[in-house]
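# Chain and residue survey
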Amino acid sequence: MLDTGSLTFLWPSMLWLLIAVPLAAALYRALAARRRKSSTQYASLETVGGQGGDHRANAASRTRRVLPLLLWTLALTALILAIARPQAALTLPARLDAIVLALDMSNSMRATDVKPNRLSAAREAAKTFIEAQPRNVRIGVVAVAASAAVVQSPTNNREDLVAAIDRLETQRGTALGSGLIIALDAALPAARINVEEFINPRPGEKKIRRTDELPARDPKSDNKQVAIVLLSDRQSNVGPDPLKAAAIASDYGVRIYTVGIGTTEGTVVNAEGWNMRVRLDEEALKKIADVTNAEYFRATDAGQLKKIYQVLSTKLSFERQQPTEVTAIFAAIGATLAMAAALLSMWWFNRIL
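Bear in mind that the values here come from a model prediction, so they are computed numbers and not experimental data.

About the thresholds
Residues numbered from 1 in each chain as written. Predicted model: local features only at pLDDT ≥ 70, side-chain atom pairs only at ≥ 80, totals over all residues. Heavy atoms only, no water. Core = buried A, V, L, I, M, F, W, Y, C linked by side-chain atoms within 4.5 Å. Buried < 20%, exposed > 50% of the residue type's maximum accessible area, 1.4 Å probe, protein only. Helix = DSSP H or I, 4+ residues; strand = E, 2+ residues; numbered from the N terminus. Phe/Tyr/Trp six-rings, centres within 6.5 Å; stacked < 30°, edge-to-face > 60°. Lys NZ or Arg CZ within 6 Å of the ring centre and 35° of its normal. Axes fitted to C-alpha atoms, helices over the stretch in contact; angles between N-to-C directions. Parallel < 35°, antiparallel > 145°, perpendicular 65-115°, else oblique. Left-handed = near helix turned anticlockwise from the far one by under 90°. Contact = heavy atoms within 4.5 Å. Nonpolar A, V, L, I, M, F, W, Y, C, P; charged D, E, K, R; others polar. Pairing = 2+ DSSP bridges. Right-handed = clockwise from strand over helix to strand, strands pointing away. Polar contact = N/O pair within 3.5 Å; in protein donor to acceptor, adjacent residues only side chain to side chain.

Our next topic: the nonpolar core. Core analysis: the biggest nonpolar cluster contains 67 residues, and Leu101, Leu184, Leu231, Leu305 and Tyr309 have the highest contact counts within it. Per-element tally for this core: the top contributor is helix H5 (residues 176-187), with 8 residues.

What follows is the structure, encoded as structure tokens:
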């Protein structure tokens, strides 16, 4: 698919030739007017009572005069754009190898503002998402609470994935940073990410370099064949900063799509003898997605959550490539329009112009 919104030109200086389009159109109209003026000198006298027929004939005549001119104008415009060597981002099927689902299992997932509760809705939507993926795509599951752990390594076995999701239970705390770094390690085992050093740094050591200290990334090293999908309902309240984990994922070229579940008004949850009001916190999830050049989605009910996962399936199946030259497309459009204009002119007027 061609994204015309990303259209740029390798030779933009050649676009000055577009001034020839209105000049050519004016010349065409001048020649046509001259021919009509010449033909009227030999026209026969109109017959009485032929006004209705003359009106229809005049309308048809105007269409015949205007249509070839319009086609010639569009053809010339397309050919000039082709001379400027246009390029655009092409959206093509992605070569996706692995997806890691990082699911928030904090006690706030017991909230019932999403029926029957956030956890049940998340489980069912995750299963729907898994079934929608091609069989060649490996999927892993990471549970995130006060600590995070891989409950299912990336696999093609859908039954194992469903069983892993059914085993998930809520716990205390929300360590999104730990969950994201563990998910990244599960998605890129060959990268040998030092997870322990990130989660439990030695005294006096930085957990990670600042984003502006990270090395420039070669676009060819982007890991578009893997992605992380984080589902949560709140900010991280324990463990390392999730934005720093997102910065590491960005350095590896891995996208983190975030899904917020719940409502901003929230509800009261009873957990371990405590009553607490839990609200959806969107800002943190938006920032995580932004850092990795991905997207944030919000689900306020179970049906919407399933639809979001369907949209995610489509997005993960396609990827935007580097700008590709599309000169041939514009040249073909210009040639086709010019041929159509020439054929119509020959058919109606026995001439090309």
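In this section: the packing of aromatic side chains. Under the defined criterion, the tally for this structure stands at 1 aromatic pair. Centre to centre, the rings of Phe129 and Tyr309 are 5.1 Å apart; their planes meet at 50°, and the pair counts as tilted. Here Phe129, found in helix H3 (residues 118-132), pairs with Tyr309, found in helix H9 (residues 302-317); they are 180 residues apart in sequence, far enough to count as distant. For the pair Phe129 and Tyr309, one class covers both residues: buried. When the ring centre of Trp11 is taken as origin, the NZ or CZ atom of Arg85, which lies over that ring, is 5.0 Å away.

It is worth spelling out the packing of helix H7 (residues 242-251) against helix H8 (residues 282-291) at this point. If you want to describe how two helices pack, look at the angle between their axes and the distance between the axes. In the contact formed by H7 and H8, the axes pass within 8 Å of each other and the chain directions differ by 20°. Considering the angle they form, H7 stands roughly parallel to H8. Note on packing geometry: the crossing formed by H7 with H8 is right-handed. Contacts between H7 and H8 involve Pro242, Leu243, Ala246, Ala247 and Ser250 on the former and, on the latter, Lys287, Ile288 and Val291. Classifying every residue of the contact of H7 with H8 gives 6 nonpolar, 1 polar and 1 charged.

Bringing the pairing of strand E3 (residues 98-104) into the picture now. The buried fraction of E3 is high, at 7 of 7 residues. Burial along E3 is two-sided: Ala98, Val100, Ala102 and Asp104 facing one way and Ile99, Leu101 and Leu103 facing the other are all buried. Bridge count for E3 against strand E4 (residues 138-144) is 7 bridges, and the pairing is parallel. Bridge pairing links Ala98 to Arg138 in E4. As for the winding sense of the linkage, the β-α-β connection from E3 through H3 to E4 is right-handed. In the sheet, E3 pairs with strand E6 (residues 226-232) via 6 bridges, with the strands oriented parallel. When the sheet's bridge partners are listed, Leu101 is paired in E6 with Val229.

Time to look at the pairing of E4. Where burial is concerned, most of E4 is hidden: 6 out of the 7 residues are buried. Pairing analysis gives 5 bridges linking E4 to strand E5 (residues 148-155), with the strands arranged antiparallel. The residue of E5 that forms the bridge with Val144 is Ala148. The turn linking E4 back onto E5 is made up of 3 residues.

For the rest of this paragraph, the subject is the side chain of Glu282. Its place among the elements puts Glu282 in helix H8. Within the structure, the side chain of Glu282 is placed 2.9 Å from the side chain of Tyr296, a separation counted as a polar contact. Setting aside residues up to four positions removed in sequence, Glu282 forms contacts with Thr264, Tyr296 and Arg298.

Let us look at the packing of H5 against H7. For the pair H5 and H7, the least separation of the axes is 7 Å and the interaxial angle reads 20°. One way to sum up the angle between H5 and H7 is to call them roughly parallel. Considering how the two elements wind past one another, H5 and H7 form a crossing that is left-handed. Only Pro242, Ala245, Ile248 and Ala249 of H7 make contact with H5, whose side of the interface consists of Leu176, Gly177, Leu180, Ile181 and Leu184. Grouping the amino acids of the contact of H5 with H7 by side-chain chemistry returns 8 nonpolar, 1 polar and no charged.

A few words now on the sheet that holds strand E10 (residues 296-299). A sheet is described by the order of its strands in space; here 6 strands give the open sequence E5-E4-E3-E6-E7-E10, paired in mixed fashion. Either end of the sheet is taken by a strand with one partner, and the two such strands are E5 and E10. Neighbour to neighbour, the strand axes of the sheet diverge by 15° on average, direction disregarded. Contacting E4 and E5, helix H4 (residues 158-166) crosses the sheet at an angle of about 165° to E5.

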